[in-house]
Amino acid sequence: MEKTDLSRLGSTLCWAVVFADIGTSVYYVPGILQGQVGALAPAFVLLTSLGFILLAAKYAEIAARYSDGGGVVAVASDAFGPFIGCLGGILITIDYFLTIAISSVSGFQYLDHLIPLGGLLEPAVILALLFLGLLNWVGIKESARTSAIVAIAALVVDLIVLGITGAQLDRAQWSLVFESLVGLRNISLVHGLVGFGSAWLAFSGLESISQLSPAMMEPRSKVARRAMSLVVLSVLVTVPLLTAFSIALLAAQKVNPDRFVSELGFAYGGMPLQVAVVVTAGSLLLFASNTAIIGAYHVFVALARKGYMPARVAALNRKFGTPHTAIGIAVLVPLAIVVATRGRMDLLGDMYAFGLLGAFCLSSIGLDRIRWIEGRRGLVAWIGFATTLMVFTAWTTNLFVKGLATAFGVIATVIGMGVAVGTRRGWFDRIIGAVPYFTAEEAETMAAQLPTAARIVTLPEAVNLLPLYRPSTLVAVRGPNPRLLREALLRVRGRGESILAILYVDEIPGPFYPSLIGPSEEAREVLGKMVRALDKEEIQVIPIWRMGHDAGTSIAGAAVDLGVDAVMVGTSQRSALWHLVRGDVLRKLLRALPESIRLVICN
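Worth saying up front: this structure is predicted, and the values here are computed from it rather than measured. (Residues numbered from 1 in each chain as written. Predicted model: local features only at pLDDT ≥ 70, side-chain atom pairs only at ≥ 80, totals over all residues. Heavy atoms only, no water.)

## Quick notes on the overall build of the protein
Under the convention used in this document: Runs of E in the DSSP output that reach at least two residues are strands. Runs of H or I that reach at least four are helices, and both are numbered from the N terminus. Throughout, a contact is declared for two residues whenever any of their heavy atoms are within 4.5 Å. Only the protein chains shown count as cover for residues, and the accessible areas themselves come from Shrake-Rupley with a 1.4 Å probe.
Summing up its helical and strand segments, the protein has 24 helices and six strands in all. Here the analysis covers contacts within the protein between residues at least 6 apart in sequence; of these, 84% occur between residues at least 24 apart. For the protein, the accessible surface area stands at approximately 23,900 Å², while carbon and sulfur atoms represent 64% of it.

## Considerations on the nonpolar core
Here is the rule we go by: Side-chain atoms within 4.5 Å are what join buried Ala, Val, Leu, Ile, Met, Phe, Trp, Tyr and Cys residues into a set we call a nonpolar core. The cut-offs for exposure are 20% and 50% of the maximum accessible area for each residue type, with area from a 1.4 Å probe on protein chains only; residues under the lower value are buried, those over the upper are exposed, and the others partly exposed.
Residues Tyr 27, Leu 206, Met 228 and Phe 360 are the most contacted members of the largest nonpolar core, which totals 142 residues. Counting residues per element, this core draws most heavily on helix H13 (residues 260-305), at 19 residues. Counting 25 residues, the second-largest nonpolar core is a separate cluster that includes Val 457, Ala 462, Leu 562 and Val 564.

## Focus on helix H9 (residues 171-182)
Stated precisely, the cut-off is as follows: For a helix, the expected span equals 1.5 Å multiplied by the residue count minus one. To obtain the arc, one takes the directions from the helix axis to the C-beta atoms.
Between its first and last C-alpha atoms H9 spans 16 Å; for 12 residues at 1.5 Å apiece the expected length is 16 Å, and the two agree. Here H9 has its buried residues at Val 177, Ser 180 and Leu 181. Along the long axis of H9, the arc covered by the buried residues comes to 100°, so they all point the same way. Counted as exposed and oriented over 90 degrees from the buried face of H9: Arg 171, Ala 172 and Phe 178. If you follow the buried residues of H9, they end up packed against helix H4 (41-65) and helix H12 (220-250).

## Observations concerning the environment of Ala 57
With respect to the helices, strands and loops of the structure, Ala 57 is situated in helix H4. Sequence separation between Ala 57 and Gly 384 is 327 residues; the distance between their C-alpha atoms is 9.3 Å.

## Side note on the packing of aromatic side chains
Stated precisely, the cut-off is as follows: Any two rings among Phe, Tyr and Trp, with Trp reduced to its six-membered ring, count as a pair given centres within 6.5 Å; such a pair is stacked if its planes are under 30 degrees apart, edge-to-face if over 60, and tilted if neither.
On inspection of all chains with the given rule, the structure shows 12 aromatic pairs. Ring geometry for Tyr 27 against Tyr 110: centres 5.6 Å apart, planes inclined by 80°, an arrangement best described as edge-to-face. Here the residue Tyr 27 occupies a position in the loop between helix H2 (11-22) and helix H3 (29-37), and Tyr 110 occupies one in helix H6 (residues 82-114), the gap between them amounting to 83 residues. Measuring from ring centre to ring centre gives 6.3 Å for Trp 200 and Phe 360, while their planes differ by 65°; the resulting arrangement is edge-to-face.

## Examining unusual backbone geometry
With a phi close to 60°, Arg 342 is a non-glycine residue in the positive phi region. You can see Arg 342 is positioned in the loop between helix H14 (324-341) and helix H15 (345-373). Judged by its relative accessible area of 61%, Arg 342 is exposed.

## What to know about the sheet that holds strand E1 (residues 457-458)
Strand pairing in a sheet relies on backbone hydrogen bonds. The paired strands run either parallel or antiparallel. Put simply, the test is: Think of it this way: DSSP has to see at least two bridges between two strands before they count as a pair. Think of each axis as a best-fit line through the C-alpha atoms, taken over the contacting stretch in the case of a helix, with angles from 0 to 180 degrees between the N-to-C directions.
Ordered in space as E1-E4-E3-E2-E5-E6, the six strands form an open sheet in which the pairing is parallel. Looking along the sheet, the strands with just one partner apiece sit at the ends: E1 and strand E6 (598-602). Relative to strand E3 (residues 499-507), helix H22 (residues 551-562) is tilted by about 150°, and along the sheet it contacts strand E2 (473-477), E3, strand E4 (540-548) and strand E5 (566-570).

## Remarks on the environment of Val 157
The residue Val 157 is located in helix H8 (residues 144-168) in this model. Judged by its relative accessible area of 9%, Val 157 falls in the buried class. With 119 residues separating them in the primary sequence, Val 157 and Ala 276 have C-alpha atoms 6.8 Å apart. Excluding anything up to four places from it in sequence, Val 157 contacts Ala 276, Val 277 and Thr 280.

## Notes on the pairing of E4
Counting buried residues along E4, eight of its nine residues qualify, which places the element largely inside the surrounding structure. Pairing analysis gives two bridges linking E1 to E4, with the strands arranged parallel. Paired with Val 457 across the bridge in E4 is Ile 544. Note that E3 and E4 share nine bridges and pair parallel. Looking at the pairing, Ile 499 lines up with Gln 540 of E4.

## Quick word on the packing of H4 against helix H16 (residues 379-401)
Basically, it comes down to this: If an angle is under 35 degrees, it is roughly parallel; if it is over 145, roughly antiparallel; if it lies from 65 to 115, roughly perpendicular; otherwise it is oblique. Working rule for handedness: look at the near helix, and if it is turned counterclockwise from the far one by less than a right angle, call the crossing left-handed; if clockwise, right-handed. Polarity classes work like this: nonpolar for Ala, Val, Leu, Ile, Met, Phe, Trp, Tyr, Cys and Pro, charged for Asp, Glu, Lys and Arg, and polar for all others, with Gly in that last group.
At a minimum axis separation of 10 Å, H4 and H16 run at an interaxial angle of 120°. On the basis of the axis angle, H4 is oblique to H16. Regarding H4 and H16, the two cross each other, and that crossing is left-handed. Along its contact with H4, which presents Gly 51, Leu 54, Leu 55 and Lys 58, the element H16 presents Ile 383, Gly 384, Thr 387, Thr 388, Met 390 and Val 391. Tallied by class, the residues present in the contact of H4 with H16 amount to five nonpolar, four polar and one charged.

## Observations concerning the pattern of salt bridges
The test is simple: For salt bridges, the criterion is a side-chain nitrogen of Lys or Arg within 4 Å of an Asp or Glu carboxyl oxygen.
Per the stated rule, a full pass over the model turns up 15 salt bridges. For the salt bridge of Arg 371 with Glu 61, the shortest nitrogen-to-oxygen distance reads 2.6 Å. One end of the pair, Arg 371, is in helix H15; the other, Glu 61, is in helix H4, and 310 residues separate them in sequence. Taken as a pair, Arg 371 and Glu 61 share a single burial class, namely buried. With its nearest N and O atoms 2.7 Å apart, the salt bridge here joins Asp 565 to Arg 491. With Asp 565 in the loop between H22 and E5 and Arg 491 in helix H20 (residues 482-494), this residue pair connects regions lying 74 residues apart in the sequence. Residues joined by salt bridges that share partners form a network here, namely Glu 61, Arg 65, Arg 371, Glu 374 and Arg 376.

## With respect to the packing of H22 against helix H24 (residues 585-592)
The interhelical angle for the contact between H22 and H24, taken along N-to-C directions, is 35°, at an axis separation of 7 Å. Every pair of crossing elements has a handedness; the one defined by H22 and H24 is right-handed. For the pair H22 and H24, contact is made by Ala 551, Gly 552, Thr 553, Ile 555 and Ala 556 and by Val 585, Lys 588, Leu 589 and Ala 592, respectively. When the residues that make up the contact of H22 with H24 are grouped by side-chain class, the tally is six nonpolar, two polar and one charged.

Here it is as C-alpha cells:
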C-alpha cells in the first residue's frame, strides 16, 4: 500500500468516507419506516440509536484490530474459523447487493422530484447500474477525497434543511415533532419489536469503516475511534430529527414518502433548497451504489483467493487489470433485484435488513468471542454481549415478520454457501477451469530468497535487500518493452553496474484494498519475461510487485524507498478512455517524484 494513502486517511477523512455510506439512509429510511410503523418511526429511530452507538464502538475496534480490512469476514474467521468467515462474506455481499439496488433506486426517485421520469424511472436505474459496471470494468478511480467532499456537502445541506425548517415551526408544530420522538407508549410487544428491528436500517453502512482500515494513519485505533465518534455525532444530529420532521410535518400532506427530505426542503425552503437536496442526495446515493459495487467485488475476490469461490471469479481482465467476472456479478444481481421488485422501496428495505443485520450479528458476536478468549471479561465485554443481544433480537424479529425478505435472504445464503462448499470440495473444477494466482503470503514466501526468474518480491522485501543488492535504476513496466529494456541495459552498463530493479504495479480501483491479494497473472508474466531477458545479459534483477490505487504515486514511492537516482518508463500505450477514467500515470509520477531522482522516458 502507498504511504501517501496512509497519510491521507486520517480521522476526518475516514469519517467523511464512512458518512458517505451511512448518511444515505436518511433519504429513504423515513419513508420505509412510515409505511411499517406509521407516526412512531422517529421514536423507534431514536430508541435504536443506543444500539447504534454501542455497535459503532465495536466496529471501531474491528477496524483497529484488522489492518488488512475484511470486516465481518476477518472477525468471524478469527472467532469461529474460515467457514463462518465465509458465511459473513455471503451476508455482507447480500448487504452490498441491496445497497446497490436501494441507493440507485432512491437516487433516481430524488431526481424524479426535479425531472419527472414517470415510467422511465426503472429503465433509468438499470442503465445507470450498467454504466457503473462499465466504469468499474475499465477501472474507475473512486477517490476517498471526492467521496468525502460529496458527504460533507450532503451533511451541510441536511443541516440547512433542519435549520430552515426548525426556524419556521410554531409551538404546536414543535410539540408534534417532540411527540413523534418520544411517543413510544401503550404499544404491544410485537409492534415494538417490529419497529425496533426495522429502525436499524437508519444506521446501515457501519461495515465500511473496517474496509478503510488498510488506508488509515497510525495509530489505527485512535483514528478509528475518532472517525467513528464523528460518524455517530453526525448521524445522531441528522437522522432522528430529519425523520421526525418528515413524519410529523409531511406525512399528512400526502407527499411522496420515498423522497421525504427533498419534499421537506421544498416545503420550507422553496425550489433552491429542493434543488440542493436533490443534487447532494443524488450524488451521495450514486457514490454509495458505486462504493457498494467495489465492496462486493472485493469480497468475491477475497473469497476466491481463500478457495470459497471459483478462482475464475478473481481473474483480472488483461487490458484493464480489473476482476471483470466479479464486477459482472456485483452489477447483474442488484439489477435483477431491481427488476424483480419493480423498485419498490418497502420490499428493498425488508430485503436489505436481512444481510445488514445478519452481518452485524456475526461481527458483534465474533468480537465478543475474541474478547472472551483474550481474557477481557470486564464491563466492556458485558456491554458487548448486550449489544449482540440487541442486534440479534432485531434480526430474528425481521426473520419472522418479513417472510418474503427472509425467503430471499435464506435462498441467497444457501446458494452462496453451496458455491463455497462446492468450490472447496472441487465440485466445479471440471466446469470452471482453475486460474492460477498467488496470495500475498505465497508472494512473500517466494520473495524470501534471492530473486530469480521465478521470484517476485514486495517493496519492503526489496528494501531489506539493499545492503546486499542496491540498484541505482528503477524500471517501471506495464508490459514487455524491448526498447525500454535496451535503454535500461545501456544505462546500467554505462555506470559499470550489474543490478537493476524492475517494478510492476497492480492498480486497485476504488477506495478500498481487498484482503489477501497477490501479484496478478499479468504481473507475474511481464516480470518473468523481463527477468529472463536480462538473465541472458548477466544482469542481476530485483523484480518488485506493488499494488496501489495510483500507479504514478506507487512508482515514485518505490523510487524513494529504494534510493535510486533514476526511474525509467516507457511512453503510455493506454487509450484515451483509460486516461479519462483512471488518470495519467506520467503526470502523477512527475508530480510525486522528488527532483533528486531523474525521470527517463523511452519512446
